[in-house]
Amino acid sequence: MSMNEHICYIVGAAPLDGRLPKLEKGDYLIAADAGYTSLKEAGLEPDFVMGDFDSLGAAPEHPNVEIHSVIKDDTDLMLAVRWALEQGWRRFHIYGALGGKRLDQTLASLQTLRFLREHGADGLLIGDGWNVLLLQNSAIRFQKEASGWLSLFTSGDRAEGVTLRGLKYELTDAALTCTFPLGVSNEFLGTEAVISVKNGSLFVLWQGDLLPEVIG
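Residues numbered from 1 in each chain as written. Predicted model: local features only at pLDDT ≥ 70, side-chain atom pairs only at ≥ 80, totals over all residues. Heavy atoms only, no water.

**Things to note about the sheet that holds strand β3 (residues 48–51)**
Read from one edge of the open sheet, ten strands run β4-β3-β2-β1-β5-β6-β7-β14-β9-β12, paired in mixed fashion. Edge positions in the open sheet fall to β4 (65–67) and β12 (186–187), since each of these has one partner strand only. Alignment of strand β2 (residues 28–32) against β3, held across three bridges, turns out to be parallel. Looking at β3, one finds that Ala 32 is bridged to Met 50. (Pairing = 2+ DSSP bridges. Helix = DSSP H or I, 4+ residues; strand = E, 2+ residues; numbered from the N terminus.)

Structure representation (structure tokens):
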């Protein structure tokens, strides 16, 4: 398998809530600052550690550690993303980047998904009971086992041609804008669900551990 078929896992400082990376041979694990503590408590050893370590307090003793100044433009998570992109990684599952005490860091994590897409990569945020991905000019399908809440928000001013099937509230060729949260608080119904957008980008947020498949 090539690197592009494997997953680069990045773990940030927000609580993991019991959800841990499920690594397979060939995957890579990066701890961003205090994400190192979460991994060690879970019995997982990262391949690489980086950050300014203001949250952790000090750089850990690790054979692969990269220390950055606190005065910087990037979040610790973004540092890890930039580094991994340079190494050729194109699939990212990011834990410890949602919730916690820092709403601003959660918003920065959402922007990081857009950064990944604009650099030819795909990302998934996992944590705080939720998952988030960026859907751009494409479609995804959830299997019937999916349950709980699902919400959609535009990543730009407007997303057009939004169609929802198999959810409590369906849409056909609709437009979502950043000025009205029409896509909030939808629900899975125990049937296969499809979400598509023709022109634009959507943040797709849903509960549970089930991941969708890309179908177009």
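Here the narrative resumes, following the displayed structure.
**Here's the deal with helix α2 (residues 76–86)**
α2 sits mainly inside the fold: nine of its eleven residues count as buried. Of the residues making up α2, those classed as buried are Asp 76, Leu 77, Met 78, Leu 79, Ala 80, Val 81, Trp 83, Ala 84 and Leu 85. Its buried side turned inward, α2 meets β1 (8–11), β2, β3, β4, β5 (91–95) and α3 (103–118). A positive phi of about 105° marks Gly 88, the residue just after α2. (Buried < 20%, exposed > 50% of the residue type's maximum accessible area, 1.4 Å probe, protein only. Contact = heavy atoms within 4.5 Å.)

**Some details on α3**
Its 16 residues give α3 an end-to-end C-alpha distance of 23 Å, which sits within 8% of 22 Å, the value for a rise of 1.5 Å per residue. Inspection of α3 places Thr 106, Ser 109, Leu 110, Thr 112, Leu 113, Phe 115 and Leu 116 among the buried residues, and these make up the whole buried set. Residues of α3 that are buried in the fold lie against α2, β5, β6 (122–127), β7 (130–136) and β14 (201–207). At the exit of α3 stands Gly 120, carrying a positive phi of roughly 75°. (Expected span 1.5 Å × (residues − 1).)

**Describing the side chain of Thr 163**
Along the chain, Thr 163 turns up in strand β10 (residues 158–165). When its relative accessible area of 17% is taken as the criterion, Thr 163 is described as buried. Among the polar contacts made by the side chain of Thr 163, one reaches the main-chain amide nitrogen of Asp 173 at a distance of 3.0 Å. When sequence neighbours within four positions are dropped, the list of residues in contact with Thr 163 reads Leu 171, Thr 172, Asp 173, Val 194, Ile 195 and Ser 196. (Polar contact = N/O pair within 3.5 Å; in protein donor to acceptor, adjacent residues only side chain to side chain.)

**Quick notes on the nonpolar core**
In summary, soluble globular proteins display a tendency toward joint burial of nonpolar side chains. Within the largest apolar cluster, 34 residues are counted, with the highest numbers of intra-cluster contacts made by Phe 142, Leu 150, Leu 152, Val 162, Ile 195 and Val 204. Other than its neighbours up to four places away in sequence, Leu 152 contacts Val 162, Leu 164, Leu 176, Gly 183, Val 184, Ile 195, Leu 202, Phe 203 and Val 204. In this structure, Ile 10, Ala 84, Phe 92 and Ile 94 belong to the second largest nonpolar core, which totals 30 residues. (Core = buried A, V, L, I, M, F, W, Y, C linked by side-chain atoms within 4.5 Å.)

**Describing the packing of aromatic side chains**
Enumeration according to the criterion identifies six aromatic pairs in this entry. With a centroid separation of 4.2 Å and 20° between ring planes, the pair formed by Phe 48 and Trp 83 is classed as stacked. Here the residue Phe 48 occupies a position in strand β3, and Trp 83 occupies one in helix α2, the gap between them amounting to 35 residues. As far as burial versus exposure is concerned, Phe 48 and Trp 83 are alike and both buried. A centroid spacing of 5.2 Å and a plane angle of 70° characterise the contact between Phe 142 and Trp 206, whose relative ring orientation is edge-to-face. With Phe 142 in strand β8 (residues 139–142) and Trp 206 in strand β14, this pair connects stretches of sequence that are 64 residues apart. The class of Phe 142 is buried, set by a relative accessible area of 0%. The buried category is assigned to Trp 206, whose relative accessible area is 0%. Aromatic ring contacts, followed pair by pair, group Tyr 28, Phe 48, Trp 83 and Trp 89 into a single cluster. (Phe/Tyr/Trp six-rings, centres within 6.5 Å; stacked < 30°, edge-to-face > 60°.)

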